[in-house]
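Structure at a glance
Okay, here's what each chain looks like letter by letter:
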Amino acid sequence: MKGSIVAIVTPMKSDYSVDFHSLKKLFLFHEEAKTDGIVLIGTTGEAGTLSISEREDIYKFAYDNTAIPLMAGVGSSSTSDSLKFIDLALNCGIEKCLAVTPYYNKPSQEGLIAHFKKLASSDALIYLYNVPGRTGVDLQPESVDELLGENNIVGIKEAINTHERMEKLSKLLEKRKDFYLLSGDDPSFVEFGKYGAVGIISVAANIVPEVIKQISDLIQEKNFEEAALISKKYEKLFNILLENSPGPSKYLLAKIKMLENNLRLPLVKISEKLGKEIDEIYSNT
């Protein structure tokens, strides 16, 4: 999967049950924006708060209610739980799975390699996801290099935005042309594109999907100058949406009547002060 991929929020009703009516509205919103892919139940989708049965219901509903290509979030701090989530996704017709590095327990690089190799023993197509700021562990490029030997591991979403990291990952493309580099950081997507990233799994695409699609298409065309100009215009919005995600995205989606602004504990609604800051940035883009 490549292009503009939204890390979609999980809409919730006032009783905190999943709001499938609003989820359908979001699918239509992204179909109109020509979004290239949807990640279900990732970090932005409040994955840690959803039960196994809710995951299954969301996978099934998405498969039945949108033609946009789907990727299932299957990350966990437990390898066996990730395998269960993969089985759920496959049973619901979703082959592509995004697996964040196991969080909290801080496995070694050897542990990370063993974890992802175990996931790759399934029938799913596994996309690695590295976001040390949330997980407390950093999957090193050398470990990714070793994982290239697993045919079912087909890409990585990288959230570290340094040129050094981008350069190291780009060199892996010389070994496997069918391995996809995906940005996990909206503000640095254009730079990562210069190093071979073929798409982004985006938080900002929840709010401005047509903008992320435009930037992504320009990167595919290697028109980095125009892509950078557009990205710069939206830089403040990109950055503030990443803070405490998915709170800011749900706040704005509620303002445009796409869903109710409800989050499950331990997440709570953003502060009034932050809301005013977001309103000002959003109105000026």
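Just above sits the structure.
What counts, and at which threshold
- Residues numbered from 1 in each chain as written.
- Predicted model: local features only at pLDDT ≥ 70, side-chain atom pairs only at ≥ 80, totals over all residues.
- Heavy atoms only, no water.
- Helix = DSSP H or I, 4+ residues; strand = E, 2+ residues; numbered from the N terminus.
- Rg over C-alpha atoms; globule rule 2.2 N^0.38 Å.
- Buried < 20%, exposed > 50% of the residue type's maximum accessible area, 1.4 Å probe, protein only.
- Contact = heavy atoms within 4.5 Å.
- Areas by Shrake-Rupley, 256 points an atom, 1.4 Å probe, with all protein chains shown as cover.
- 1 Å grid on protein atoms, 1.4 Å probe; cavity = no way out; pocket = protein on both sides within 12 Å on 5 of 7 lines; lining within 4 Å.
- Points joined across faces, edges and corners; volume = space filled by probe spheres on them.
- Nonpolar A, V, L, I, M, F, W, Y, C, P; charged D, E, K, R; others polar.
- Salt bridge = Lys/Arg side-chain N within 4 Å of Asp/Glu carboxyl O.
- Polar contact = N/O pair within 3.5 Å; in protein donor to acceptor, adjacent residues only side chain to side chain.
- Pairing = 2+ DSSP bridges.
- Right-handed = clockwise from strand over helix to strand, strands pointing away.

Some words on the overall build of the protein
Along its length, the protein carries 13 helices and eight strands. Against the 2.2 N^0.38 benchmark of 19 Å for 285 residues, the protein shows a C-alpha radius of gyration of 18 Å, consistent with a compact globule. Taking the principal axes of the C-alpha coordinates as reference, the protein spans close to 45 × 45 × 35 Å. In the protein, which comprises 285 residues, the share counted as buried stands at 55%. Taking as baseline every contact in the protein between residues at least 6 positions apart, the subset at least 24 positions apart corresponds to 72%. About 12400 Å² of surface is accessible on the protein, with carbon and sulfur atoms providing 49% of the total.

Regarding the layout of surface pockets
When its volume is computed, the largest pocket comes out at roughly 530 Å³. Along its surface, the largest pocket is lined by 25 residues, and Gly42, Thr43, Ala47, Gly48 and Tyr103 are the ones closest to its centre. Those elements that place two or more of their residues in the lining of the largest pocket are helix H3 (79–91), strand S4 (96–100) and helix H5 (132–135). Its residues assigned to classes, the lining of the largest pocket comprises 12 nonpolar, nine polar and four charged. Every residue lining the second largest pocket is counted, 20 residues in all, and those nearest its centre are Tyr129, Val131, Arg134, Gly184 and Leu242. Sorting the residues of the lining of the second largest pocket by element identifies H5 and strand S8 (199–202) as the ones contributing at least two each.

Describing the pattern of salt bridges
Under the defined criterion, the tally for this structure stands at 17 salt bridges. One salt bridge in this structure joins Asp36 and Lys213, with 2.9 Å as the shortest N-O distance. Note that Asp36 is positioned in the loop between helix H1 (20–32) and strand S2 (37–40) and Lys213 in helix H9 (residues 209–220), a separation of 177 residues in sequence. Residue classification places Asp36 among the partly exposed residues on the basis of a relative accessible area of 23%. Judged by relative accessible area, which is 15%, Lys213 ranks as buried. A salt bridge links Asp279 to Lys255; the shortest N-O distance between them is 3.3 Å.

With respect to the environment of Arg134
Mapped onto the elements of the fold, Arg134 is located in helix H5. Arg134 gets classed as partly exposed once you look at its relative accessible area, which sits at 45%. For the pair Arg134 and Glu260, spaced 126 residues apart in sequence, the C-alpha separation works out to 26 Å. Sequence-distant contacts of Arg134, defined by excluding residues within four places in its chain, comprise Thr43, Leu242 and Ser245. Within the structure, the side chain of Arg134 is placed 3.3 Å from the backbone oxygen of Ser245, a separation counted as a polar contact.

With respect to the pairing of strand S1 (residues 3–7)
Extensive coverage of S1 is indicated by the burial of five of its five residues. Bridge count between S1 and S8: four bridges; the pairing is parallel. From the neighbouring strand, Ser4 faces S8, where its bridge partner is Ile200. The pairing of S1 with S2 spans three bridges and is classified as parallel. Bridge pairing in S2 links Ala7 to Val39. Regarding topology, H1 serves as the crossover connection from S1 to the parallel S2, and that connection is right-handed.

Some words on helix H12 (residues 247–255)
Taking burial as the measure, the nine residues of H12 include seven buried ones, the bulk of the element. Where the residues of H12 are buried, they touch H1, helix H11 (235–242) and helix H13 (272–283). Just past H12, the residue Lys257 takes up positive phi, approximately 65°.

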